[in-house]
Amino acid sequence: MAKITVNKDLASERAKCEFNVEELTNYLDGGRENTARRRRMEDKVLSVKELRDEIPEEYLSHKEKYENAIRKAVLFYKVQKSLDDPNQSDHERIRNSYRSTITSAIFKDNSPLTLHIVMFIPAIIGQGNDEQREYWLKRAKNMEIIGTYAQTELGHGTFLRGLETTATYDPATEEFVLHSPTLTAYKWWPGGLAHTANYCVVMAILYTKSKNCGIQPFIVQIRDEETHMPLPGIKLGEIGAKLGYNTVNNGFLGFDNHRIPRDRMLMRNAQVSKDGTFTAGANSKLTYGTMVYVRVLIVNNMANLLAKAVTIAIRYSAVRRQSKLKPEDPEPQILDYVTQQHKLFIGIATSHAYSRTALWLWDHYAKVTSELNAGKLDNLPELHSLACCLKVLSSVDAAVFVERSRLACGGHGYMLSSNLPQTYGLVTPASTFEGENTVLLLQVARSLVKAWQQMLNGRQLAPSMAYLADQKQLDRWDGSVNGIIRAFQKVARGKLAFSVANFEKYQKMGLSREDAWNKASVQLTAAAESHGRAIVVQVFKTETDRIASSLSPPLRKALDQLVELFTLYWALERLGDLLLYSPLSEVDVRDMQARYEELLEKIRPNAVGLVDGFDIRDEILNSALGAYDGRVYERLMEEALKSPLNAEPVNSSFHKYLKPFMQGKL
Ligand SMILES: CCCCCCCC/C=C\CCCCCCCCC/C=C/C(=O)SCCNC(=O)CCNC(=O)[C@H](O)C(C)(C)COP(=O)(O)OP(=O)(O)OC[C@H]1O[C@@H](n2cnc3c(N)ncnc32)[C@H](O)[C@@H]1OP(=O)(O)O
Ligand SMILES: Cc1cc2nc3c(=O)[nH]c(=O)nc-3n(C[C@H](O)[C@H](O)[C@H](O)COP(=O)(O)OP(=O)(O)OC[C@H]3O[C@@H](n4cnc5c(N)ncnc54)[C@H](O)[C@@H]3O)c2cc1C
């Protein structure tokens, strides 16, 4: 293997690191064997030359980008399949791949098959009865059919009960008639829907015996399996260029009285019999299960995307020298500016916080799902609330810290060759898709208000809300991590109590329950956000303590510093709340600030080691600024030279327009 020359600043950063980077990687992967397995998979995928782009994607046309993405998606799927361990359960397969970011090496802007894997197959698993699973899963898993999840419409994304697509049962032919009565009823957004999928799970309002039976899932063929032409009665297309996700092939879909057989309604929860009799499921919200599943996955996805961005920004900050700290000294590495550390170290800590939280949530999801399969529904409301609030917080924080990583790279962070703009394009839609964040916070608030009433009635609360029942005030400020976690719980409790009181006050003033809720909703969403913060700091701390106990002291210390930094960062961000709801004094604030600055200093020598520990290969980072060797300037120039405009010294537009214009001839 050719020896790589590493930038000397990066090399000396690596020499300074106080812990064993490989041990950190193994910790993140969940063990040495998992690291080895992940690397084997990466080696295998990256050895396929055809999966690499000859021309940078950004110089392709919209159409070429899609065609190239499909070419690679097919090949990538085959390589992945050849590496699959058939003995793993679906749960293990997902858990074991939580650190896999190899898809990013192939697609800068995500794959057109994402929705097939992430929603179509899970919708069949979650919504299909045994017979339907048997038939459709085999076809979907073998890629004999490609599907997506078509729920959102041009006129409605959030409000599912307001969807306009109808599925009307016709007992005479034992068929459902799918129809889009208006333009706003067109399905709009589903990934892969435009030109990739030939099937989809369509969420539509079911009518049988002239009754609205609510939103139900239907598996619908939309294109001919041979010719790929849209079937009669189906209008399909692409929704156009977007901020990101441009290779995901998001589409629109309209139905003109399109008929499908009765057995195409996915009938795990509710059923329609041959004569049109509707049997409701145990809980109508089980129909929303696919969204819960994806919200859980998003938390992990956000942690991985943030790890990527912060790896790029930290390495770049170790290489980049700018300005002067002291007049007599040379220009320092920008990583030596404490403001730069403040911008970036929180990104490292946040990625750790959400990857720990994501695993914790995934295990919780798996437990509740197996209960649901056994007919026990008691823990569904808590799971829904947790998935909503952790999806919201992880997506908001990832978007903020990815963008901060980009800004921290100055002008070069604006270059597509840094891969930071595209990474932002991948994190920011997560605040909207799978439930718009404000709307999901209102769902969390709804569950908190309910819990509050249960507490007042002396009933037991779900474990993640149990802290609400602790009425004791904090008698003194405790600045330890555990002390701050308790303070965050007091903040969440206090804000909830305040918003419930206002919600009730507005009703007493004569507003309807709905109007009072709307009027109190800014406070309610703030309480929901605080609840989420309390959960994340607590899970981050307890899960790190639990898993890191057997690590070497230097690594343990580095992880404890990240947990403390994360906790202090949010305490300092939320000073107003803490001053209102905890016994925090001005002196305590000064102490916290001092400790925060001390932590930045302690983390500084380990910063490059910490991002190296994420073990994200150059091919996955795809960044001129973030490569392992730190050849930032050389790579920027190499990438610049790939611009098609650099293929000729004089562009034809000079003779056509500029020259006549400058010579006054145009
Ligand atoms: C760590 C392991 C990870 C491993 C990772 C492995 C590798 C995986 C690789 C990559 C993963 C990458 C993932 C990222 C890519 C993702 C691409 C995503 C593409 C996007 C797709 C989409 O966006 S699909 C469309 C999504 N749409 C939405 O989310 C719509 C949002 N709206 C709603 O959900 C509802 O309408 C809303 C909840 C807002 C309101 O519903 P409504 O019927 O009006 O209900 P309401 O009256 O308000 O409440 C009634 C009652 O129901 C309860 N409830 C609501 N929802 C649920 C639910 N889902 N489950 C359970 N209960 C629910 C609600 O709380 C109320 O309860 P009560 O208060 O009455 O008790
Ligand atoms: C990249 C991307 C991929 C997507 N992929 C898919 C897909 O594969 N399949 C699919 O079905 N959908 C998909 N979607 C659609 C996505 O799920 C919706 O955009 C999302 O659910 C939000 O709905 P909306 O766009 O209708 O926003 P709206 O609900 O119209 O929200 C607009 C504003 O109104 C506010 N608002 C709405 N309702 C309330 C309320 N009750 N209280 C307070 N404020 C409210 C929101 O907070 C927001 O500020 C995708 C979207 C994106 C961006």
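Since the structure is predicted, the reported quantities are computational estimates derived from the model, not experimental observations.

Conventions used here
Residues numbered from 1 in each chain as written. Chains lettered and ligands numbered in written order. Predicted model: local features only at pLDDT ≥ 70, side-chain atom pairs only at ≥ 80, totals over all residues. Helix = DSSP H or I, 4+ residues; strand = E, 2+ residues; numbered from the N terminus. Rg over C-alpha atoms; globule rule 2.2 N^0.38 Å. Buried ≥ 20, exposed ≤ 12 C-beta atoms within 10 Å, placed from the backbone. Contact = placed C-beta atoms within 7 Å. Near = placed C-beta within 6 Å. Nonpolar A, V, L, I, M, F, W, Y, C, P; charged D, E, K, R; others polar. UniProt positions renumbered as here; feature names shortened; annotations may be inferred. Pairing = 2+ DSSP bridges. Axes fitted to C-alpha atoms, helices over the stretch in contact; angles between N-to-C directions. Parallel < 35°, antiparallel > 145°, perpendicular 65-115°, else oblique.

**Student:** For the overall build of the protein, give the residues involved together with the corresponding values.
**Tutor:** Of regular secondary structure, the protein possesses 23 helices and 11 strands. Computed over C-alpha atoms, the radius of gyration of the protein comes to 27 Å, within 12% of the 26 Å expected from 2.2 N^0.38 for 666 residues, which places it in the range of a compact globule. The burial tally for the protein puts 44% of its 666 residues in the buried class. Considering only contacts in the protein between residues 6 or more positions apart, those separated by 24 or more positions represent 76%.

**Student:** Can you explain the site of ligand 2? Please cite residues and give values.
**Tutor:** Neighbouring ligand 2 are 21 residues; Gln151, Thr152, Gly157, Thr158 and Thr438 lie closest to it. Looking at the shell around ligand 2, the elements that each hand over two or more residues are strand 1 (149-150) and helix 13 (437-456). Ranked by residue count, the leading element in the shell around ligand 2 is helix 13, at three residues. Here the shell around ligand 2 is built from residues that sort into 10 nonpolar, nine polar and two charged.

**Student:** Residue-level account of the UniProt feature "domain: Acyl-CoA oxidase C-alpha1" (unreviewed entry) in the protein, with values.
**Tutor:** Feature annotation in UniProt assigns "domain: Acyl-CoA oxidase C-alpha1" (unreviewed entry) to the following positions: residues 288-449. With 72% helix and 0% strand, residues 288-449 has end C-alpha atoms that lie 22 Å from one another.

**Student:** Which residues make up the sheet that holds strand 8 (residues 251-255), and what are the values?
**Tutor:** Reading across the sheet, the three strands line up as 4-8-7 and stay open at both edges, with antiparallel pairing between neighbours. Looking at which strands have only one partner, the edges of the open sheet turn out to be strand 4 (187-188) and strand 7 (234-238). Across five bridges, the pairing between strand 7 and strand 8 is antiparallel. Following the sheet pairing, Glu238 is matched in strand 8 by Gly251.

**Student:** I'd like a rundown of the packing of helix 16 (residues 521-548) against helix 17 (residues 553-573), residues and numbers included.
**Tutor:** It is at 11 Å that the axes of helix 16 and helix 17 come closest, and there the two elements cross at 170°. In terms of orientation, helix 16 and helix 17 fall into the roughly antiparallel class. Seen from helix 16, the contacting residues are Arg533, Val537, Phe540, Lys541, Thr544 and Ala548; seen from helix 17, they are Arg556, Leu559, Val563, Phe566, Thr567 and Trp570. When the residues that make up the contact of helix 16 with helix 17 are grouped by side-chain class, the tally is seven nonpolar, two polar and three charged.

**Student:** Describe the UniProt feature "domain: Acyl-CoA oxidase C-terminal" (unreviewed entry) in the protein, with residues and values.
**Tutor:** UniProt marks residues 482-663 with the feature "domain: Acyl-CoA oxidase C-terminal" (unreviewed entry), using the numbering shown here. Taken end to end, residues 482-663 is 76% helix and 0% strand, and its two terminal C-alpha atoms sit 74 Å from one another.

**Student:** Tell me about the environment of Leu183, residues and numbers included.
**Tutor:** If you trace the backbone, Leu183 turns up in the loop between strand 3 (175-179) and strand 4. A C-alpha to C-alpha distance of 27 Å links Leu183 and Leu113, two positions 70 residues apart in sequence.

**Student:** Explain the site of ligand 1 to me, using residue names and the numbers behind them.
**Tutor:** Residues in contact with ligand 1 amount to 37 residues; listed here are only the nearest, Lys285, Tyr288, His384, Phe433 and Gly435. Broken down by secondary-structure element, the contributors of at least two residues to the shell around ligand 1 are helix 5 (90-96), helix 7 (114-127), helix 9 (289-319), helix 10 (338-373), helix 11 (380-407) and helix 13. Taken together, the residues that form the shell around ligand 1 break down as 19 nonpolar, 12 polar and six charged.

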